[in-house]
Amino acid sequence: MRLPARLDWETQSTPLNVLCISWGTTGNLSPVLTAARQLNRAGHQPRVMADPAMRGEVEAAGFPFIGWRRAPTGSDADPADFSDLADWLRQTMFAPAGAYAADTLDEIRRLPTDAVLSLDLLPGCALAAEAASLPHAVLSPHISIRPLPGMPPAASGLTPPRTAEERAVVDAATDAIVSAMEQGRPALNAARRAFGLPPVASAFAHFDRADRVLLAVSRTFDFDTEALPANYRYIGPLLDAPGWSRGALTTWPGARRPRILVAGSTGAQNQTDLLRRVARALGAIEAETVLTTGPHVGAEELAAPDSIRVVAAASHDALMAEADLVVCQGGHGTVSRALLHGAPLLVIPLARDQTDNAARIALRGAGLRLPAGASEAEIAAAARRILAEPGFRTAAEALGAAVRADLDANGLVREIEAMTAAHRGAARGGDRLWA
């Protein structure tokens, strides 16, 4: 795909009506709400389409809310079982593509819409934007799901290959995710035909056909690729604090000792056993420890030692500002927020992009990674090492500075404005934006 050059002579003189589309849990909503806030501060008019359970969070942020009517919601939209990647992708991305497309097109027709911004796991929303001939940006609040040349694929947890043997492992992992995605292509093409669009030859087609693919990660944090596609842009992480964290714990409760924050995931990922092991392991360390369970684990399920304060939620920004260590599963938002505060990490990934983030943290020297089944003794030993060796904090602070520079560049708004201006220019000239 070849994009038109940015039309620098064409300024954005009128507000854009941008349909911002989330999916699944609160963790997926947060970057979309941050994007909406950035667009709103620039004078545009975003509205947010998401799971009906997210209505309160969206409206508290001040944006019009649209809920799914045909598309799946709750755990049906975002299954907790990630053991079979191909089946998870089928359930999440491809089988419901037609329902997502129908709901999205209804909303596009209901109110004026100048552009669509939707998460990368929603090819049905990309399909709807294509059917409506609207400029569309795919938002990836993590590393690229579409494999990029020379880069280990998503969900592999691999680092860049240095030997022929490592290259073979990366190639096999890439083949596996491509195969898993391709199993969903018949369902995607059935949805495309239902909306009058031609079939595609790749399950990754919505990345190729989008006006922009916005990687909401820091380029310094990510691994290097041999060739970044022309429509890809790094825009830095989208990290506004979620509304549900307001009024939660904002200060460390005790005297100054080493401070450890355990950040449980906001998604349902069968993490109770992991948090239980982490709590017992850190209970043996002389430190001030706060553990946030997130919405899917109850404090009573952990039987944490009395030395650990367990809460459902807290202001991670406030606590990370004084944390000496952050222990987490490795969600991109938590990892990026910790780096912004220069806090080193112990990452124990369970699924999705968590292994990839753990690999990047470990390779950059900003923390350590452990396998999901790590024992209490292994967790305690890794935590003690990070607290004792200042090099981990030094590396985390350096990465955090790069993340901050990306945030300050305000790339998302610039790219949404540029793609819309280019789309309008191409429409006036009768050109297509992609082939």
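Cut-offs and rules
- Residues numbered from 1 in each chain as written.
- Predicted model: local features only at pLDDT ≥ 70, side-chain atom pairs only at ≥ 80, totals over all residues.
- Heavy atoms only, no water.
- Helix = DSSP H or I, 4+ residues; strand = E, 2+ residues; numbered from the N terminus.
- Buried < 20%, exposed > 50% of the residue type's maximum accessible area, 1.4 Å probe, protein only.
- Pairing = 2+ DSSP bridges.
- Right-handed = clockwise from strand over helix to strand, strands pointing away.

**What to know about unusual backbone geometry**
Then, in step 1: Of note, serine 133 is a non-glycine position whose phi angle comes to about 55 degrees, a positive value.
Then, in step 2: Mapped onto the elements, serine 133 comes out in the loop between helix 6 (123-131) and strand 5 (136-140).
Then, in step 3: For serine 133, a relative accessible area of 53% puts it in the exposed group.
Then, in step 4: At alanine 155, a position not held by glycine, the phi torsion is positive, near 70 degrees.
Then, in step 5: Along the chain, alanine 155 falls in the loop between strand 5 and helix 7 (164-182).

**A closer look at the pairing of strand 4 (residues 115-119)**
Then, in step 1: For strand 4, the buried fraction is high: five of the five residues fall into the buried class.
Then, in step 2: Along strand 4, one buried face is formed by Ala115, Leu117 and Leu119 and the opposite face, lined by Val116 and Ser118, is buried too.
Then, in step 3: Sheet analysis places strand 1 (residues 17-21) next to strand 4, joined by four bridges and oriented parallel. Within the sheet, the bridge partner assigned to leucine 19 lies in strand 4 and is valine 116.
Then, in step 4: The sheet contact formed by strand 4 and strand 5 spans four bridges and is parallel. Residue pairing in the sheet places leucine 119 in a bridge with leucine 139 of strand 5.
Then, in step 5: Note on the crossover from strand 4 through helix 6 to strand 5: the handedness is right-handed.

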